[in-house]
Amino acid sequence: LGVFLNIILLFLIKYKSNSYIGNYKYLLAIFATYDIYLSVLHGILNPVIVTVGTTFGGALNSPWKSHYLSSFYFTCFSLPFALMNIHFLYRYWSIARFIDYFSNPKFVFLLSSYPLAQACLWSTFLNNLAALETCISQLFRLYFCTWTFSDYGDESLQKIIDVFYERAHETIKDGWLMMDHWHDNHLNVDSSIVVLVAFIIMLGSFSTASSLATLTYRDIRNTVSLSTKHRSIHRTLLAAVCAQTFVPVVCVYVPYFIGIYSPFFGVPDYGISKHFSLLISFFPGWDAAVIIVMIRDYRIGLLKIINCARKQK
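The structure displayed is predicted, hence computed values, not measured ones.

Conventions and cut-offs
- Starting from 1, residues in each chain are numbered consecutively following that chain's sequence as written.
- Reporting of local features is limited, given that this is a predicted model, to residues whose pLDDT is at least 70; pairs of side-chain atoms are given and counted only at 80 or more, and all residues count toward the totals for whole chains, interfaces and linings.
- No hydrogens and no water enter the side-chain calculation; it runs on all heavy atoms of the structure.
- When DSSP finds two or more bridges between two strands, those strands count as paired.
- To qualify as a helix, a DSSP run of H or I must reach at least 4 residues; to qualify as a strand, a run of E must reach at least 2; elements of each kind are numbered from the N terminus.
- Lines fitted to C-alpha atoms define the axes, with helix axes restricted to the stretch in contact, and inter-axis angles between N-to-C directions lie between 0 and 180 degrees.
- One side-chain nitrogen of Lys or Arg within 4 Å of one carboxyl oxygen of Asp or Glu is enough to make a salt bridge.
- Buried residues are those whose accessible area, probed at 1.4 Å on protein chains only, stays under 20% of the maximum for their type, while exposed residues exceed 50% and partly exposed ones sit between those limits.
- We call a set of buried Ala, Val, Leu, Ile, Met, Phe, Trp, Tyr and Cys residues a nonpolar core when their side-chain atoms join them within 4.5 Å.
- By the convention used here, residues are in contact when the closest approach between their heavy atoms is within 4.5 Å.
- Only Phe, Tyr and Trp rings take part, Trp by its six-membered ring, and two of them pair if their centres are within 6.5 Å. Stacked means planes under 30 degrees apart, edge-to-face means over 60, and tilted covers everything else.

## Considerations on the sheet that holds strand 3 (residues 177–180)
Right, on to step 1. Read from one edge of the open sheet, three strands run 1-2-3, paired in antiparallel fashion. Here the strands that pair on one side only, and so sit at the sheet edges, are strand 1 (47–52) and strand 3. On average, each strand axis in the sheet is tilted by 10° relative to the strand beside it, whichever way the strands run.
Right, on to step 2. One ladder, built from six bridges, connects strand 1 with strand 2 (residues 55–60); its direction is antiparallel. Each residue of the ladder has a partner; that of Val48, found in strand 2, is Ala59.

## Topic: the pattern of salt bridges
Right, on to step 1. For the coordinates displayed, the defined rule picks out one salt bridge.
Right, on to step 2. The partner of Asp219 in a salt bridge is Arg218, and the shortest N-O contact between them spans 3.1 Å.
Right, on to step 3. Here Asp219 falls in the buried class, since its relative accessible area comes to 12%.

## Observations regarding the pairing of strand 2
Right, on to step 1. Within strand 2, six of the six residues are buried, leaving the element largely enclosed by the surrounding structure.
Right, on to step 2. By the alternation rule, side chains of strand 2 split into Thr55, Gly57 and Ala59 and Phe56, Gly58 and Leu60, which are all buried.
Right, on to step 3. Note: strand 2 against strand 3, four bridges, orientation antiparallel. From the neighbouring strand, Thr55 faces strand 3, where its bridge partner is Asp180.

## Focus on the nonpolar core
Right, on to step 1. In terms of nonpolar packing, the biggest core is built from 66 residues, with Leu9, Phe88, Ile295 and Tyr298 touching the most fellow members.
Right, on to step 2. Looking at this core, the element that brings in the most residues is helix 9 (residues 228–265), giving 13 residues.
Right, on to step 3. Apart from the residues within four sequence positions on either side, Leu9 is in contact with Ala32, Ala288, Ile291, Ile292 and Tyr298.

## Details of the packing of aromatic side chains
How two aromatic rings sit relative to each other is set out by the distance from centre to centre and by the angle between their planes.
Right, on to step 1. With the rule as written, the count across this model stands at eight aromatic pairs.
Right, on to step 2. The interplanar angle of 25° and the centroid separation of 6.4 Å between the aromatic rings of Phe31 and Tyr34 together place this pair among those described as stacked. Taken as a pair, Phe31 and Tyr34 lie in helix 2 (residues 24–45) at a separation of three residues, close to a single helical turn.
Right, on to step 3. Take Phe31: its relative accessible area is 3%, and that puts it in the buried class.
Right, on to step 4. A relative accessible area of 7% places Tyr34 in the buried class.
Right, on to step 5. Chaining the aromatic ring pairs together yields one cluster made of Phe199, Phe257 and Tyr261.

Encoded structure:
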């Protein structure tokens, strides 16, 4: 569904974009391509997470199971954080008159390639520097939240495997990413740093997006150079971005947040771990659906296509 909706969105961007959308359509097209990539990646690798008491585990329920591949997948789903901030940055710059940067294709490509480059960089450093006992390697291992911090033997891992078997009647033995936060009532310092850094990253991303949204709305109200029509257009596009932000918050932020923090505090995850894969899979499709519904050109364009198909039939 995610691939299908984003292909429709790419078609609408190509043939139904009005002039007022401007270079924003190129960002929308690149982000729709990202969503297709994430949909395909999710369908192939099928991630799962399990929480048992104070232990967190994540793996891939697919024919390809390895620690490195699990690391790569979970870092790729940091993309929504970066995409969300780029959306709001563009909307703010379009009002603050910095939009001339986006007339340069190289700048647009560089900005749009940042999220994927970030994920690839995280995974590369994680896998290549893990064996090096240096300050840099330790920093990356803590920052990316994707290394096996538990080295307490096979006891914690076996609990994770057993719980997943009870849930899905399948066994995954390889590729688990684990954090045992409180082993024998002793705090795992490494995992607590991971929890803290993950909180700072999530809070920082959300705070940046909120600040840019507030500044954009303020400038739309206060800028005297905007006509009534253009003011309405900018408000509509800002509302579309805000609505689009709701999708990664529900489908990405919440599952990751609860999955990481519920075992740390020893509280129930309210079934989030069981439905983690399903919730994450909603993100790419709903991301495209929100844009199609909120932007008038794409909404009307899709309705016309559907009506033409009905008439021809």
